[in-house]
Amino acid sequence: MTEQTPDPSPIQDAIVKITGVVVAIDGLVNLVHAFSGEAGWIAARWFAIIGLLQIAAGIGLISWKGWAFMTFSILLLVRWLVTFITTIVAFESGGSEAGKPQLITLLVIMAMIAYFGRWSMERRFRPHLDY
């Protein structure tokens, strides 16, 4: 017996589309940062690759594509790890005032992982999982 995945609610659709736009804009910022000349050649390549992946994932999220969901999930996990490390370093080197912005970013990333990591969300992006 097959169960069809219901269409996303308007609120859920808006959240995913806004997230897609924000991810694509952040990817564009990373791409500009890669070619600004401030970073070394390894960091420039890293920012360029991450920027291109974010732009593609953002556009795919807006269209509700399964590959974009997977790419975005992997990017979120990498971003969580990097932000976790920078949060620890910020608290160690600058105290609580220096670590608060990083902590807020870390909490936002964790909320996004929790929201996009739900089984019902994955089934909406990848309807072939319903069987």
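Refer to the structure presented above.
Since the model is a prediction, treat every value here as computed from it, not as a measurement.

Attention now goes to the pattern of salt bridges. Scanning all chains against the criterion turns up three salt bridges. Note that D26 and R79 form a salt bridge whose closest N and O atoms lie 3.1 Å from each other. Here the residue D26 occupies a position in helix α1 (residues 10-34), and R79 occupies one in helix α3 (residues 66-116), the gap between them amounting to 53 residues. The class of R79 is partly exposed, set by a relative accessible area of 35%.

Taking 1.5 Å of rise per residue, 22 residues should cover 32 Å, and helix α2 (residues 41-62) covers 32 Å from first to last C-alpha, within 8% of that figure. For α2, the full list of buried residues reads A44, A48, I50, G51, Q54, A57, G58, G60 and L61. At its buried positions, α2 is contacted by α1, α3 and α4 (119-125). Looking one or two residues beyond α2, the residue adopting positive phi is W64, at roughly 60 degrees.

For the structure on display, the rule yields three aromatic pairs. Taking the centre distance of 5.2 Å and the plane angle of 10 degrees together, the rings of W80 and F84 count as stacked. Of the two residues, W80 and F84 both sit in helix α3, four residues apart, roughly one turn of that helix. Grouped by ring-pair contacts, the aromatic residues F72, Y115 and F116 constitute a single cluster.

So, on to the packing of α2 against α3. It is the contact of α2 with α3, at a shortest axis distance of 8 Å, that shows an interaxial angle of 135 degrees. By the angle class used here, α2 and α3 are oblique. The handedness of the crossing between α2 and α3 comes out as left-handed. Two secondary-structure elements touch here, α2 through W46, I50, L53, Q54, A56, A57, G60 and L61 and α3 through W67, A68, F69, T71, F72, L75, V78 and R79.

Calculation criteria
Residues numbered from 1 in each chain as written. Predicted model: local features only at pLDDT ≥ 70, side-chain atom pairs only at ≥ 80, totals over all residues. Heavy atoms only, no water. Salt bridge = Lys/Arg side-chain N within 4 Å of Asp/Glu carboxyl O. Helix = DSSP H or I, 4+ residues; strand = E, 2+ residues; numbered from the N terminus. Buried < 20%, exposed > 50% of the residue type's maximum accessible area, 1.4 Å probe, protein only. Expected span 1.5 Å × (residues − 1). Contact = heavy atoms within 4.5 Å. Phe/Tyr/Trp six-rings, centres within 6.5 Å; stacked < 30°, edge-to-face > 60°. Axes fitted to C-alpha atoms, helices over the stretch in contact; angles between N-to-C directions. Parallel < 35°, antiparallel > 145°, perpendicular 65-115°, else oblique. Left-handed = near helix turned anticlockwise from the far one by under 90°.

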